[in-house]
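Each chain, letter by letter, is given below.
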Amino acid sequence: NQNSDKLVLCLEPEAACMACEDQRISNVGAQSADSQQILKNGDKFMVLDCGGGTVDITMHRVEETTPLRLSELCKASGGPFGSTFVDQRFEQFLQK
């Protein structure tokens, strides 16, 4: 909630999910947001955050949609598999 005075700490993929849902609601409009709701209570989903240095993977269940509340299905995973490492390996391949 934009008007909240509470600080919420979360992993980057979770923040991305919340931002996407918030943006969708803003784009659809408050009156019709429920009729075009993407996430529903009980839904499960995976977020792959593929960045430059790392790939982060999280899995969640939707506990509530208003306000959006998620539970983690398993411990976040990932590692140094980002695009900069793909670029480096490709350059090594070309040099051979």
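A few points on the structure. (Residues numbered from 1 in each chain as written. Predicted model: local features only at pLDDT ≥ 70, side-chain atom pairs only at ≥ 80, totals over all residues. Heavy atoms only, no water.)

### Notes on the overall build of the protein
Here comes step 1: Within the protein, the secondary structure is distributed over 2 helices and 4 strands.
Here comes step 2: Walking the protein from its N terminus toward its C terminus, one meets helices and strands in the order α-β-β-β-β-α.
Here comes step 3: In the protein, buried positions account for 20% of the 96 residues.
Here comes step 4: Put simply, 39% of the contacts in the protein that link residues at least 6 apart link residues at least 24 apart.
Here comes step 5: Counting only carbon and sulfur atoms, one obtains 54% of the accessible surface of the protein, whose full area is about 7,400 Å². (Helix = DSSP H or I, 4+ residues; strand = E, 2+ residues; numbered from the N terminus. Buried < 20%, exposed > 50% of the residue type's maximum accessible area, 1.4 Å probe, protein only. Contact = heavy atoms within 4.5 Å. Areas by Shrake-Rupley, 256 points an atom, 1.4 Å probe, with all protein chains shown as cover.)

### Some details on the packing of aromatic side chains
Here comes step 1: Under the definition given, this model contains 1 aromatic pair.
Here comes step 2: For the pair Phe90 and Phe93, a centre-to-centre distance of 6.5 Å together with 25° between the ring planes defines the contact as stacked. Here Phe90 and its partner Phe93 are both found in helix H2 (residues 83-95), 3 residues apart, which amounts to about one turn of the helix. (Phe/Tyr/Trp six-rings, centres within 6.5 Å; stacked < 30°, edge-to-face > 60°.)

### What to know about the pairing of strand E3 (residues 68-72)
In the case of a regular strand, side chains alternate between the two sheet surfaces.
Here comes step 1: Two elements, strand E2 (residues 55-65) and E3, share 5 bridges in a ladder whose sense is antiparallel. By the bridge assignment, Arg61 is partnered in E3 with Ser71.
Here comes step 2: Between E2 and E3, which follow one another and run antiparallel, lie 2 residues. (Pairing = 2+ DSSP bridges.)

### Digging into a nonpolar patch on the surface
Here comes step 1: Taken together, the side chains of Phe90, Phe93 and Leu94 define a hydrophobic patch exposed on the protein surface, amounting to about 370 Å² of accessible area.
Here comes step 2: Following the sequence through the fold, Leu94 ends up in helix H2. (Patch = residues over 30% accessible without salt bridge, like charges linked within 9 Å, V, L, I, M, F, W, Y side chains within 5 Å. Salt bridge = Lys/Arg side-chain N within 4 Å of Asp/Glu carboxyl O.)

### Examining the nonpolar core
Here comes step 1: Counting 5 residues, the largest nonpolar core consists of Cys17, Leu39, Phe45, Val47 and Val62.
Here comes step 2: Leave out the neighbours within four places in its chain, and Leu39 touches Cys17, Glu21, Phe45, Val62, Thr65 and Leu68. (Core = buried A, V, L, I, M, F, W, Y, C linked by side-chain atoms within 4.5 Å.)

### Comments concerning the side chain of His60
Here comes step 1: Counting through the fold element by element, His60 comes out in strand E2.
Here comes step 2: In this structure the side chain of His60 is engaged in a polar contact, spanning 3.0 Å, whose partner is the side chain of Thr58.
Here comes step 3: In contact with His60, not counting residues within four places along its chain, are Glu14, Asp43, Lys44, Phe45, Val47, Leu70, Ser71, Glu72 and Leu73. (Polar contact = N/O pair within 3.5 Å; in protein donor to acceptor, adjacent residues only side chain to side chain.)

### Considerations on the pattern of salt bridges
Here comes step 1: The tally for this structure, following the rule as stated, stands at 2 salt bridges.
Here comes step 2: Residue Glu63 pairs with Arg61 through a salt bridge whose shortest N-O separation is 3.1 Å.
Here comes step 3: With its nearest N and O atoms 3.3 Å apart, the salt bridge here joins Glu64 to Arg69.

### Some details on the pairing of E2
Here comes step 1: Sheet topology note: the strand E1 (residues 44-50)/E2 ladder contains 7 bridges and is antiparallel. The residue of E2 that forms the bridge with Asp49 is Asp56.
Here comes step 2: Linking two consecutive strands that pair antiparallel, namely E1 and E2, is a turn of 4 residues.

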